[in-house]
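Okay, here's what each chain looks like letter by letter:
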Amino acid sequence: QVQLVESGGGLVQPGGSLRASCAASGFSLEYYHIGWFRQAPGKEREGLSCISRDGTTYYADSVKDRFTISRDNARNTVYLQMNSLKPEDTAVYYCAAVRRRLGGCSVYKYEYEYWGQGTQVTVSS
């Protein structure tokens, strides 16, 4: 019943942009923190960004000033706008959700209870 589905990945040249979407069903995003993570082959899953219930955000240094997270509660969807993409951004990108009452969000992966299947982002010339 609880489901997250990512979309919007693809192949892009260095310096290009993509917008990934995370559509939720079976629950309302307004009661959850949402995080974006990525995992490249042979590497551990890396936390990138999160957005709390009240809209406050956090960005890892690797994506700060390039990526932007946002939520649209009416559409029950969270977005990750990715600009100035680099080859090292190549990975499978995942969204995740955890129910919270108060406080800001984190990108500690073990904190999240619901995960999407991921969308592939490839940055190559």
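Overview of the structure. (Residues numbered from 1 in each chain as written. Predicted model: local features only at pLDDT ≥ 70, side-chain atom pairs only at ≥ 80, totals over all residues. Heavy atoms only, no water.)

Right, let's get into the state of the cysteines. A covalent bond between the sulfur atoms of two cysteines is referred to as a disulfide. Within the structure shown, the criterion is met by two disulfides. Bridging Cys-22 to Cys-95, the disulfide has an S-S length of 2.0 Å. In this structure, the disulfide formed by Cys-22 and Cys-95 twists by about 70° around the S-S bond and is classed as right-handed. Residue Cys-22 is found in strand β3 (residues 18–25), and its partner Cys-95 is found in strand β9 (residues 91–99); the two are separated by 73 residues along the sequence. Of the residues examined, Cys-22 reaches a relative accessible area of 1% and is grouped as buried. A disulfide bridge connects Cys-50 with Cys-105, and the sulfur atoms are separated by 2.1 Å. Taking the torsion about the S-S bond as the criterion, the Cys-50 to Cys-105 disulfide, at about 85°, is right-handed. Of this pair, Cys-50 sits in strand β5 (residues 46–51) while Cys-105 is found in the loop between β9 and β10 (114–115), placing the two residues 55 residues apart along the sequence. Grouping residues by exposure puts Cys-50 and Cys-105 together as buried. The connectivity of the disulfide-linked cysteines in the protein, indexed sequentially, is 1-3, 2-4. (Disulfide = S-S within 2.5 Å. Helix = DSSP H or I, 4+ residues; strand = E, 2+ residues; numbered from the N terminus. Buried < 20%, exposed > 50% of the residue type's maximum accessible area, 1.4 Å probe, protein only.)

Tracing the backbone shows Val-63 in the loop between β6 (57–59) and β7 (67–72). A relative accessible area of 0% means that Val-63 is categorised as buried. Remark: the alpha-carbon pair of Val-63 and Arg-53, spanning 10 residues in sequence, is separated by 21 Å. With sequence-adjacent residues up to four places away left out, Val-63 is seen in contact with Arg-38 and Leu-48. (Contact = heavy atoms within 4.5 Å.)

Let us look at the nonpolar core. By size, the foremost hydrophobic cluster in this structure holds 28 residues, and its most contacted members are Trp-36, Phe-67, Val-78, Leu-80, Met-82 and Tyr-93. For this core, the elements supplying multiple residues, two or more each, are β3, β4 (32–39), β5, β7, β8 (77–82), β9 and β11 (119–123). With residues near it in sequence (within four places) discarded, Met-82 still touches Gly-16, Ser-17, Leu-18, Ala-20, Arg-66, Phe-67, Tyr-93 and Val-121. Of all hydrophobic cores here, the second largest spans seven residues; its members include Cys-50, Ala-96, Val-98 and Tyr-112. (Core = buried A, V, L, I, M, F, W, Y, C linked by side-chain atoms within 4.5 Å.)

We now examine unusual backbone geometry. At Asn-76, a residue that is not glycine, the phi angle is positive and equals roughly 55°. Locating Asn-76 in the fold gives a position in the loop between β7 and β8. The residue Ser-84 is not glycine, and still its phi comes out positive at about 50°.

Summed over the entire model, instances satisfying the criterion amount to seven aromatic pairs. Look at Phe-27 and Tyr-32: their rings are 4.5 Å apart centre to centre, the planes differ by 50°, and that puts the pair in the tilted class. Each member of the pair, Phe-27 as well as Tyr-32, carries the same accessibility label: buried. A ring pair is formed by Tyr-32 and Tyr-114, whose centres lie 6.4 Å apart and whose planes are at 55°; its orientation type is tilted. Here the residue Tyr-32 occupies a position in strand β4, and Tyr-114 occupies one in strand β10, the gap between them amounting to 82 residues. The class for Tyr-114 is partly exposed, based on a relative accessible area of 27%. The lysine or arginine in question, Arg-45, covers the ring of Tyr-94, its NZ or CZ lying 3.9 Å from the ring centre. Between Arg-45 and the ring centre of Trp-115, over which it is positioned, the NZ or CZ distance is 4.9 Å. (Phe/Tyr/Trp six-rings, centres within 6.5 Å; stacked < 30°, edge-to-face > 60°. Lys NZ or Arg CZ within 6 Å of the ring centre and 35° of its normal.)

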